[in-house]
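# Fold and geometry: a report
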Amino acid sequence: AAANIDFYEQAGMKEQVETSPHSVTVPGAVSAWETLLAAHGTKGLDELLRPAIGFAEEGFAVTPRFAWDWAGCGDKLKAGGAGERFWPAAKPGDIVRQPELAATLKKIASQGARAFYEGEVAADLVATLRARGGLHTEADFAEGLKGAEFVTPIRTHFRGNDVWQCPPNGSGLLVLMLLGILRGWDPVAEGPLSTKRLHRHIEAARLVYRDRDAFLADPSQVSIPVEKLTSDAYLDGLRALIRDDVAMPEMPLPGEMMLPPHKDTVFLCVVDRDGNACSFINSLFESFGSGIWAEKSGVFLHNRGLSFRLERGHPNCIAPRKRPMHTIIPGMVTRNGRPLMPYGVMGGHFQPMGQSLFLANMFDYGLDVQEAIDLGRIFPRLGKVQSERGIPADVQAQLRAMGHDVEIIAKPHGGGQAIYMDHARGVLIGGSDPRKDGCALGY
């Protein structure tokens, strides 16, 4: 409630910092679990949290990928008060136990979400944040108990399918915009890793991410022109800006041609025996979130508020009781009114790019679920085109010749899972990304 732009201006803060208490907003996940189960669940938190409690209490073995990510977080963990407990980083095969977190999960399992947003746990979280200069209060956390809400999904059509996303403040809107641009072209004959295909996708992404930074915010406090941004007229106009022979040297201003002036991650999916499909995502945002660890409750606090702008008048400017623009976007595909595929692609800001690459790999180029997930990825970010090693060297060279500043990245882009529901044959086809820990399981 105290997060007013006046405070940040008076403190001389120009931007959010990933390890700052000001990057921590009141966590919504626990409220969401309870709200979702009350409306659609057949089991309670007491049963559903039992495996997580077991892993926290009895320990789990660290995987190579987790150890690799953990090894780069030393400064963050030390700054957040977790250095003595979580540093040096565990090695592959080490057992990690979190008894404090297990105790917190047990409270939630027996008492519901109220045990997180009120009482001892909330007091510990607030004290931890305020000790670092945070503005949070126990009253803020108490309000968070009712923070989760159901929203009306948004959709677009792509190659005979309906693709569904949560509306803003999430960035699923960008997936729909990207698909709207791509559907105006026929699939590139040279294939999914061809220069022409990747160039078009890069340019389309540059345009829609530009619009994200201009317009995406909390719709309860800011008007967002979703219908305009997903309209054929607007997306046709964006497509017309893209040339097949050269990269755009600079981005035109957001909406300067077709919009009026405007004041501006863990994924799982499941299909059950009744054919219900669920696409579900939770996130601390960056590795270990803010790095701030509440010692008594064992909770690492996320840093989703890092996506707020500290710019007065911007639609995504931080404000009391406001949600930041965020990147976590569960996806769903339906066909003729039936669920076809719950899916998701992790990776922070990469997620809309990753989802649109995955969907086009399947529905434009005929790849199966696993092939579509595995294929090499590329992403325009901060003036560069970040390329995985799976992109052919000659294609990288051709993209550079077109004006793209291509750089090879050490870590892969995101991770993904999907379940394709083959109704005709009565078969579920699952895919899981080798870039991250995960698997596809039948039952």
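Structure's up top.
Below you will find a few notes about this structure. Just so it is clear, the model here is predicted, and its values are computed rather than measured. (Residues numbered from 1 in each chain as written. Predicted model: local features only at pLDDT ≥ 70, side-chain atom pairs only at ≥ 80, totals over all residues. Heavy atoms only, no water.)

### Comments concerning the sheet that holds strand β3 (residues 154–158)
One open sheet accounts for six strands, arranged β3-β4-β9-β10-β14-β15; its pairing is antiparallel. The open sheet has two free edges, formed respectively by β3 and β15 (427–432), since each of these has just one partner strand. Taken pair by pair, the neighbouring strands of this sheet meet at an average axis angle of 20 degrees, ignoring direction. Contacts from helix α16 (residues 351–363) reach β3, β4 (161–165), β9 (331–335), β10 (338–346) and β14 (415–422) within the one sheet, and its direction differs from that of β10 by about 135 degrees. (Pairing = 2+ DSSP bridges. Helix = DSSP H or I, 4+ residues; strand = E, 2+ residues; numbered from the N terminus. Axes fitted to C-alpha atoms, helices over the stretch in contact; angles between N-to-C directions. Contact = heavy atoms within 4.5 Å.)

### Brief notes about empty space enclosed by the protein
Here the largest cavity is characterised by a volume of approximately 100 Å³. Together, Arg 159, Leu 182, Trp 185, Asp 186, Pro 187, Val 188, Arg 197, Arg 200, His 201, Ala 360, Asp 364 and Tyr 365 line the largest cavity. If you tally residues by element for the lining of the largest cavity, the top one is helix α13 (residues 195–215), at three residues. Per-class residue counts for the lining of the largest cavity are six nonpolar, one polar and five charged. (1 Å grid on protein atoms, 1.4 Å probe; cavity = no way out; pocket = protein on both sides within 12 Å on 5 of 7 lines; lining within 4 Å. Points joined across faces, edges and corners; volume = space filled by probe spheres on them. Nonpolar A, V, L, I, M, F, W, Y, C, P; charged D, E, K, R; others polar.)

### Some details on the pattern of salt bridges
A complete count under the given rule lists 28 salt bridges for this structure. Lys 107 serves as the salt-bridge partner of Glu 120, at 2.9 Å between the closest nitrogen and oxygen. Pair noted here: Glu 120 is in helix α10 (residues 120–130) and Lys 107 is in helix α8 (residues 99–111), with a separation of 13 residues, a long-range link. Because the salt bridges share partners, they merge into one network encompassing Arg 377, Glu 388, Asp 433 and Arg 435. (Salt bridge = Lys/Arg side-chain N within 4 Å of Asp/Glu carboxyl O.)

### Thoughts on the packing of aromatic side chains
Under the definition given, this model contains 14 aromatic pairs. Ring plane angle 40 degrees and centroid distance 6.4 Å describe the contact between Trp 70 and Phe 86, whose orientation is recorded as tilted. Pair noted here: Trp 70 is in helix α5 (residues 64–70) and Phe 86 is in helix α7 (residues 83–86), with a separation of 16 residues, a long-range link. Aromatic side chains Phe 350 and Phe 379 sit 5.4 Å apart centroid to centroid with 80 degrees between the ring planes, which places their arrangement in the edge-to-face category. Of this pair, Phe 350 sits in the loop between β10 and α16 while Phe 379 is found in strand β11 (residues 378–381), placing the two residues 29 residues apart along the sequence. We note that Phe 350, like Phe 379, is buried. One aromatic cluster is present, formed by Phe 60, Phe 66, Trp 70, Phe 86, Phe 288, Trp 293 and Phe 300 through successive ring pairs. Cation over ring: Lys 411 sits above Trp 68, and NZ or CZ is 5.3 Å from the ring centre. (Phe/Tyr/Trp six-rings, centres within 6.5 Å; stacked < 30°, edge-to-face > 60°. Buried < 20%, exposed > 50% of the residue type's maximum accessible area, 1.4 Å probe, protein only. Lys NZ or Arg CZ within 6 Å of the ring centre and 35° of its normal.)

### Here's the deal with the sheet that holds strand β13 (residues 406–408)
Strand order in this open sheet of three strands is β11-β12-β13, and the pairing throughout is mixed. If you trace the sheet from one side to the other, it starts and ends with β11 and β13, each paired once. Averaged over neighbouring strand pairs, the angle between their axes works out to 30 degrees when direction is ignored. As judged from the four bridges shared by β11 and strand β12 (residues 384–387), these two strands associate in the antiparallel manner. Opposite Arg 381, over in β12, you have Lys 384 as the bridge partner.

### Thoughts on the nonpolar core
Ranked by internal contacts, the top residues of the largest apolar core, which has 61 residues, are Met 341, Tyr 343, Phe 358 and Leu 359. Aside from chain neighbours lying at most four places away, what touches Phe 358 is Met 341, Tyr 343, Val 345, Val 369, Ala 372, Ile 373 and Ala 418. Counting 22 residues, the second largest nonpolar core, distinct from the first, contains Val 24, Leu 145, Ile 292 and Val 299. (Core = buried A, V, L, I, M, F, W, Y, C linked by side-chain atoms within 4.5 Å.)

### Describing the environment of Val 121
Within the secondary structure, Val 121 sits in helix α10. In this structure Val 121 comes out as buried when scored by relative accessible area, which is 3%. The spatial distance from the C-alpha of Val 121 to the C-alpha of Trp 33 is 17 Å, given a sequence separation of 88 residues. If we ignore the near neighbours within four places in the chain, the residues touching Val 121 are Thr 104, Lys 107, Ala 115, Phe 116 and Ser 297.

### What about the pairing of β4?
Of all five residues that make up β4, four are buried, and the element is covered over most of its length. Relative to β4, β3 is paired through five bridges, and the arrangement is antiparallel. If you follow His 157 over to β4, its bridge partner there is Asp 162. The hairpin turn running from β3 into β4, its antiparallel successor, is two residues long, and Arg 159 in that turn takes a positive phi close to 50 degrees. One ladder, built from three bridges, connects β4 with β9; its direction is antiparallel.

The analysis is restricted to geometry; functional conclusions fall outside its scope.
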